[in-house]
Amino acid sequence: MLDYFLTDEQCAIRDLARSIADNEVRPVAAEYDRTGEFPWPIVRKLAEADLFSVFVDDAYGGVAGDSRTMNMVLVTEELSKACGGIALAFAGSALGALPIILGGSDEQKRRFLPAVASGQRLAAFALTEPQAGSDAAGIRTAAVRDGDHYVLNGTKIWITGGGEAEVYTVVVMTNPAKGPRGSSVIIVEKDTPGFTFGKKEDKMGIRASATRELIFEDCRVPAENLIGREGTGFITAMRTFDASRPGVAAQAVGIAQGALDLAVDYAITRRQFGSPVSSFQGLRFVLADMAMRVEAARALVYATARYVDSNPRERPTIYSAMSKCFAGDMAMQVTTDAVQVFGGYGYMRDYPIEKYMRDAKITQIYEGTNQIQREEISKILIGEHVAGHARAAHERL
Ligand SMILES: Cc1cc2nc3c(=O)[nH]c(=O)nc-3n(C[C@H](O)[C@H](O)[C@H](O)COP(=O)(O)OP(=O)(O)OC[C@H]3O[C@@H](n4cnc5c(N)ncnc54)[C@H](O)[C@@H]3O)c2cc1C
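Starting afresh in each chain, residues are numbered from 1 along the sequence in its written order. Per-residue local features of the predicted model are confined to residues with pLDDT of at least 70, and side-chain atom pairs are confined, for both listing and counting, to 80 or more; whole-chain, interface and lining totals are unaffected and use all residues. Each side-chain value is worked out from all heavy atoms of the structure, with water and hydrogens disregarded.

Chemist: Could you give an account of helix α3 (residues 40-48), with specific residues and numbers?
Modeler: Categorising residues by exposure relies on relative accessible area from a 1.4 Å probe, with only protein chains included: less than 20% of the type maximum marks a residue as buried, more than 50% marks it as exposed, and the intermediate range marks it as partly exposed. Note on conventions: DSSP H or I runs of at least 4 residues are helices, E runs of at least 2 residues are strands, and numbering of each starts at the N terminus. Taken together, the buried positions of α3 are occupied by Ile42, Val43, Leu46 and Ala47. Taken around the axis of α3, the buried residues stretch over an arc of 145 degrees, which confines them to a single face. Check the buried side of α3 and you find it contacts α1 (8-25), α4 (68-82) and α5 (84-103). Looking at the residues trailing α3, positive phi occurs at Asp50, about 65 degrees. The arc in question is the one spanned by the directions pointing from the helix axis to the C-beta atoms. For this analysis, residues touch if any pair of their heavy atoms sits within 4.5 Å.

Chemist: Account for the side chain of Gln251, naming residues and giving values.
Modeler: Considering the arrangement of structural elements, one finds Gln251 in helix α7 (residues 233-269). With near-sequence residues (within four places) excluded, Gln251 lies in contact with Thr76, Ser80, Gly84, Leu88, Ile206, Thr363 and Tyr366.

Chemist: Now, about the site of the ligand: what can you tell me, with residues and values included?
Modeler: We call a residue near a molecule or strand as soon as one heavy atom of that residue lies within 4 Å of the molecule or strand. In the neighbourhood of the ligand, 19 residues make up the surrounding shell, with Thr128, Ser134, Trp158, Thr369 and Gln371 lying closest. Whenever a nitrogen or oxygen atom comes within 3.5 Å of another N or O atom, the pair is scored as a polar contact, on the condition that within protein one atom can donate a hydrogen and the other can accept it, and that pairs from neighbouring residues in sequence are kept only if both atoms are in side chains. Interatomic distance of 2.8 Å between a backbone N/O atom of Leu127 and an oxygen atom of the ligand. One nitrogen or oxygen atom from the side chain of Thr128 is found 2.6 Å from a nitrogen atom belonging to the ligand. Alone, the ligand offers 970 Å² of accessible surface; in the complex the protein occludes 65% of this. Mapped onto the shell around the ligand, the elements with two or more residues apiece are β1 (123-126), β3 (149-160) and α11 (370-396). With three residues, the top contributor of residues to the shell around the ligand is β3. Method for areas: the Shrake-Rupley scheme with a 1.4 Å probe, in which residue coverage is limited to the protein chains shown.

Chemist: Explain the pattern of salt bridges residue by residue, including any values.
Modeler: Within this document, salt bridges are pairs made up of a side-chain nitrogen of Lys or Arg and a carboxyl oxygen of Asp or Glu, the two lying within 4 Å of each other. Here the structure, examined in full by the defined rule, presents 26 salt bridges. Between Arg68 and Asp57 there is a salt bridge, and its shortest N-O distance comes to 3.8 Å. Of this pair, Arg68 sits in helix α4 while Asp57 sits in the loop between α3 and α4, placing them eleven residues apart in sequence. Asp57 gets classed as partly exposed once you look at its relative accessible area, which sits at 21%. Salt bridges sharing common partners tie together Arg111, Arg121, Glu166, Glu189 and Glu224.

All quantities given are derived from atomic positions and should not be read as evidence of function.
Written out as C-alpha cells, the structure is:
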C-alpha cells in the first residue's frame, strides 16, 4: 500500500472508521438501500465511537486539531467503501457544520458545535432552491429583519439530512437588490415554528441518505443566529464548498475502491472457457485501469485535504474543485467498469455491485456539478495566466 504519510492520529481515525464500516455498515447496506430509511442505528455507533468529533475544533468539543479536512476525508472514504449513502449521514453533518466552523462567532460555536461533535445533533447545509441550482445567486428565500429576529420565507430543495438533522445552515437573501452581495447564512434549528419539511425524495442512489425539501413560512429566527455580517452569505458558502468538496471526492474514492475490491473478488472466482475470467487479458487490463484511477484520485484528494488544512489563509478552490471533479468522474467510470466485470450478474439487484454505480453518480452532481467544477478550474487557471502576462508586461515597462 502507498504511504500517504498519515499521522498516528489519522491512522487511528481511519482504522476506527474502517472497522465500523466492515462490521456495522457493510452487513446492512443493501437493506438500507432497499428501504431508503435513515440509518439512525449506525449514526449512534459513529457517535459512540466519537467520529463526529474529528471535524470539529478542539475548543468546541472536537478533536480536529490541524487535520479537520483530512480526518473528514479518511472517515468518509472508509464508510463509502461499504455504503456511499450511509457515509453521507456523517459527511452531510460535516457540510452543515462547516459554515459555523468557518464563519461563526465564538458564541455560535459554543452553542451549536459540541452537540454536533458528539453526534447528538446532525447538521445540514441548505442552498439549493427549485429555480436556483448551479446558478446559486438566483436563490429567493428571504430573511427580513424584524426587531431582534429575522423572518424567513421560501423553499429549499434536495437538502441532505433534511428532516433528520437538527441544525440547518441556510443561505438566504437579506438584501435581494444587491444580488449575491445581499445574501447571508442563518442558523435555523429544527422545531422552530414556521419551519417544516416537504417530501422525502425517492432517489437512484445514496438511498440511505435523507433528501428533503425545507419550507419556511414566516419562520422567526433570532438575529443572533446570523453567521458573520449581512451580505457575506456567498463568501461563507464558497468557503464551505472549498472545505467540503474534498469530502465528496473522498466519498467517490471510497465508492470506487469498494467496487474495485468486489470486481477483483468476482473476477478470480467466476470461471468461463474453463478458466477464471481474471486470466483473460482483456479483463485484467480493465481491472488494472480501475486500480490506477482509484489510486490517482486518492493521491489528489489527500494532497488537497492536506493543503486545505495547512493553508487556512489560502483559497484552495482550484484544488478542491479538481479533486471533486476528477474523483467523481473516476468513480462513475470505475463503478461502470465494475458492473461490466460482473457481466449479466452485475446488472442484477441480487448482486451488490450495481448499487455502487448508482451511488457513484451523485458525486458528479452535488456540491456543484462537474461542469461547474470545470468552469471554476478554468476560470482560475486562465485568470492566473492573464494576471501573469500583465505582471510580466508591467515589469518590462
Ligand atoms: C441527492 C442530492 C442531494 C443534494 N444535497 C444538497 C444539500 O445538502 N444542500 C444543497 O444546498 N443542495 C443539495 N443538492 C443540490 C445540488 O447541489 C444541485 O442539484 C446541483 O448544484 C445542480 O443544480 P441543479 O440540479 O439545479 O442543476 P442545473 O443547475 O439545473 O444544471 C442542469 C445541467 O446544466 C449544467 N449547467 C448548469 N450551468 C452550467 C454552466 N454554467 N456551464 C455548463 N453547464 C452548466 C449542469 O452541469 C447540469 O448538467 C443535492 C442534490 C441531490 C440530487
